[in-house]
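Inside the fold
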Amino acid sequence: MRYWTDNGEPFVMTAMEDSGVAGALDMLGRAGRADPARLLVLRTGSNYSVQPPGVGAAESLTAESKGLSALQPSLDAAFLIGGRVVDELTGNWPRYRDRAPGEAPRP
């Protein structure tokens, strides 16, 4: 984004699905069926925000109907980062069994 905006603006994406999952997990937590503190949202982008050189916006959108243009890179990123989280949790389960990462110890 620094390149596109001359260091002026951040890049953002929506998170409506995430808020729905978090809300459902919160309700399950109130019912004693889940621990909302253990929610981890790992978000990756699966399509590009600028079309390739020489391709117009309409052509770019038409091509996306055949599949998301950056699906594989987004899955690769999720796997690389998510794998580190899974490795940390499973490799140090005695530390995380009774509390989520970053959560204060329970009395």
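Residues numbered from 1 in each chain as written. Predicted model: local features only at pLDDT ≥ 70, side-chain atom pairs only at ≥ 80, totals over all residues. Heavy atoms only, no water.

Points about the overall build of the protein
Quick note on the threshold: Secondary structure elements follow DSSP: runs of H or I of four or more residues count as helices, runs of E of two or more count as strands, with numbering from the N terminus. Note on areas: Shrake-Rupley, 1.4 Å probe, and residue coverage restricted to the protein chains presented here.
A tally of helices and strands in the protein yields five helices and zero strands. Starting at the N terminus and ending at the C terminus, the protein contains elements arranged as α-α-α-α-α. Surface summary for the protein: the accessible area is close to 8700 Å², and the carbon and sulfur share equals 60%.

Points about the pattern of salt bridges
Quick note on the threshold: By definition here, a salt bridge exists when the distance from a side-chain nitrogen of Lys or Arg to a carboxyl oxygen of Asp or Glu is within 4 Å. With a 1.4 Å probe rolled over the protein chains alone, any residue whose accessible area is under 20% of its type maximum counts as buried; one over 50% counts as exposed, and the rest are partly exposed.
In the structure shown here, the tally under the stated rule is six salt bridges. Residue Glu-17 is joined to Arg-43 by a salt bridge in which the shortest nitrogen-to-oxygen separation is 3.0 Å. With Glu-17 in helix α2 (residues 16-30) and Arg-43 in the loop between α2 and α3 (57-64), this pair connects stretches of sequence that are 26 residues apart. The partner of Asp-26 in a salt bridge is Arg-30, with the nearest N and O atoms 2.5 Å apart. Of this pair, Asp-26 and Arg-30 both sit in helix α2, four residues apart, which is roughly one turn of the helix. Of the residues examined, Arg-30 reaches a relative accessible area of 68% and is grouped as exposed. What emerges from the salt-bridge pattern is a single network uniting Glu-17, Asp-18 and Arg-43.

Description of α2
Quick reminder of the rule: Here the expected span of a helix is defined as 1.5 Å times the quantity of residues minus one.
An ideal rise of 1.5 Å per residue puts 21 Å on 15 residues; α2 measures up with 21 Å between its terminal C-alpha atoms. Directly beyond the C-terminal end of α2, a positive phi value near 75 degrees is found at Gly-32.

Some points on the environment of Leu-25
Using the following cut-off: Here, residues are in contact when the closest pair of their heavy atoms is within 4.5 Å.
Examined against the element boundaries, Leu-25 turns out to sit in helix α2. For Leu-25, a relative accessible area of 18% translates into the label buried. Considered as a pair, Leu-25 and Pro-36 are 11 residues apart in the sequence and their alpha carbons are 5.5 Å apart. Dropping the residues within four chain positions of it, Leu-25 is found in contact with Ala-34, Asp-35, Pro-36 and Leu-39.

Here's the deal with the confidence of the model for the protein
For clarity, the threshold we go by: Per-residue confidence from the predictor is given as pLDDT, running between 0 and 100.
Taken as a whole, the protein shows an average pLDDT of 83; of its residues, 86% reach a score of 70 or greater. Ranking the elements of the protein by mean pLDDT puts helix α1 (residues 2-5) last with 71 and helix α5 (residues 93-96) first with 93.

Side note on the side chain of Ser-74
On the secondary structure map, Ser-74 appears in helix α4 (residues 71-91). Setting aside residues up to four positions removed in sequence, Ser-74 forms contacts with Thr-44, Gly-45 and Ser-46.

Some words on a nonpolar patch on the surface
Applied cut-off: In this analysis, a patch consists of residues with relative accessible area above 30% that form no salt bridge, clustered at 9 Å for like charges and at 5 Å for the nonpolar side chains Val, Leu, Ile, Met, Phe, Trp and Tyr.
A grouping of Leu-42, Phe-79, Leu-80 and Ile-81 is seen on the molecular surface, where their side chains present a nonpolar patch of about 440 Å² in accessible area. With a relative accessible area of 44%, Ile-81 lands in the partly exposed category.

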